[in-house]
Amino acid sequence: MSLSRIVITGVGLTAPNGNSLAEFRGNLLAGVARISRTEIRYMGPLLAGVCNYDPLRYQKKKELRVGTRAGSIGIYCAREALADAGLNPDQLARDRTGIFVGITEHGNVETENEIYAISKFGYDTKFWSHYHNPRTVANNPAGEISLNLGSTGPAYTIGAACAAGNLGLIHATQMLRLGEVDLALCGGVSESIHTFGIYAGFKSQNALAHHEDPNRASRPFDKARNGIVISEGGALYTLERLETAMQRGAKIYGEIAGYCVNSDASDYVLPNPGRQAECVRTAVTRAGLQARDIHIINTHATATPMGDIQECEAIRSVFGEGCPDTSINNTKSFIGHAMGAAGALELAGNLPSFLDRIVHPTINVDDLDPLCSLPGLVLNRPKTVERVDTILNNSFGMLGINSTLIVKRFTS
Amino acid sequence: MTKDEVKQVVLDIIADIAPDEDLSNLKPDVRLRDQMQLDSMDFLDIVMELRKRHGIEVPEADYIQLATLDSCGEYLTPKFNALTSKG
């Protein structure tokens, strides 16, 4: 079966250290992390990656009052992606535009807020907001984007734990190839820093990072790593079939080369390096490539003691020692773990490497854990390489969901 | 409370739930929904905020009484005064 070629033509994002691809990339190359300490309900000040985009750029005050943070992040990213792609939101083929947004979770923030609100009224549920249901339905962030754009094609979220950002792009690729849509806005968003439950859950799991210096807290592969820094954020892309993009003379960031999604089927939270390796290997094969053809591997590693080791084990088993042109990095060391947005944001941070041939580093590695030592790891300083033709992006999540997405340099 | 004071209470609530609207020229005798973007969920906000901020209950059958600022004044003033007299 001949599959349509799918290309990336626009990127819109907000990360703790950047509200555009240019700003984000600049900070990744300059070693600028931006993690802060913020007050978490019931728990006190904790580390978080907080985004500072201007929500009123694309939304009215009323939309912000009624909607959710995830919806707002999604709207910002979608509008920015369209602008970057040179597409006028008012002239979209509205019924041919799909919105596919990866989420780790949705509804925790809004439910916690309502419970807190009625606690001020003796837990009398007559004070429970009539907005609770539209705010917490799982399709909320995608639905808010469709409302804001007036887009009438399919718009829904894809729940895939922390693999979700990749899943947004993968699903969009499939929908474009099926001919269901002509333009896809896709990627992932997260509002998880606004829920104490996520923090408390990771804390109880002994998986929450702590460090005196917030910007040094997220330290994948370092011996002293002690857990996850939770972040909010989003990255949405415009994806199109190649012929559509060529017809309108679109700028092309890269082409979807291959992907794989599989499941560990082994544990609720513990990763399974065997299944991760299968996922990576299958994606490489489907892309028509061999391991040595991969030039950048962006790791999922979240800085948990075991998770990092297991991903390195998976990568080692696929790439071994025979891949001299493969560089490996990690974006969470700068921005923390943006949950449902992680995969999409981390891919965005690497896309400019096709042009500048610079691989952004993994920062905060003072003492590399020998169990995480991989050939090609780019530590603490960016590295200029001879060529970047392929980027492999790993994103894994709880309940054993694994995703690998490979993007290649576009050549006509 | 006077009817004007009660109308101001309602206006304060509307200012919060419709923050993009210019309320300076709102006509007291014209339906609120005909003068500004106010959907059924916004309307429920008015009911909710009266409950939260002032302990005023508006049964669903009486929602029509909140159609205009004037009718709000007429309908709500006795309710506010009943609360005040209960003290």
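This structure is a prediction, so every number in the text was calculated from the model and none was measured.

1. Quick word on the interface of chain A and chain B
The partner chain B presents eight residues to the seven residues of chain A that form the contact. Residue classes in the side of chain A that touches chain B are distributed as two nonpolar, one polar and four charged.

2. Here's the deal with unusual backbone geometry
For A:F221, which is not glycine, the phi torsion reads 75° and is therefore positive. You can see A:F221 is positioned in the loop between α8 (196-204) and β7 (230-231).

3. Here we look at the domain arrangement of chain A
Reports of interface size often rely on the accessible area that becomes lost once the parts have come together. All names here are of chain A. What the domain assignment lists for chain A is domain 1 (6-247) and domain 2 (255-408). Once you take the C-alpha centre of each, domain 1 and domain 2 turn out to be 21 Å apart. Put simply, the parts of the chain that give the side of domain 1 that touches domain 2 at least two residues each are β1 (6-14), α1 (21-30), β4 (97-103), α7 (164-177), β6 (183-190), β7 and β8 (233-241). Top contributing element to the side of domain 1 that touches domain 2 by residue count: α7, with eight residues. Its residues assigned to classes, the side of domain 1 that touches domain 2 shows 32 nonpolar, 19 polar and seven charged.

4. Quick look at the packing of helix α3 (residues 69-84) of chain A against helix α6 (residues 140-149) of chain A
Helix-helix packing is characterised by the crossing angle of the two axes and by the distance between the axes. Residues and elements named next belong to chain A. Two elements in contact, α3 and α6, have axes separated by 8 Å at closest approach and are oriented at 50°. On the basis of their axis angle, the class for α3 and α6 is oblique. When you trace α3 past α6, the crossing you get is right-handed. Side by side, α3 and α6 meet where A70, G71, G74, I75 and A78 of the first sit next to N140, P141, A142, E144, I145, N148 and L149 of the second.

Definitions and cut-offs
Residues numbered from 1 in each chain as written. Chains lettered and ligands numbered in written order. Predicted model: local features only at pLDDT ≥ 70, side-chain atom pairs only at ≥ 80, totals over all residues. Contact = placed C-beta atoms within 7 Å. Nonpolar A, V, L, I, M, F, W, Y, C, P; charged D, E, K, R; others polar. Helix = DSSP H or I, 4+ residues; strand = E, 2+ residues; numbered from the N terminus. Domains from an automatic or database assignment. Axes fitted to C-alpha atoms, helices over the stretch in contact; angles between N-to-C directions. Parallel < 35°, antiparallel > 145°, perpendicular 65-115°, else oblique. Left-handed = near helix turned anticlockwise from the far one by under 90°.

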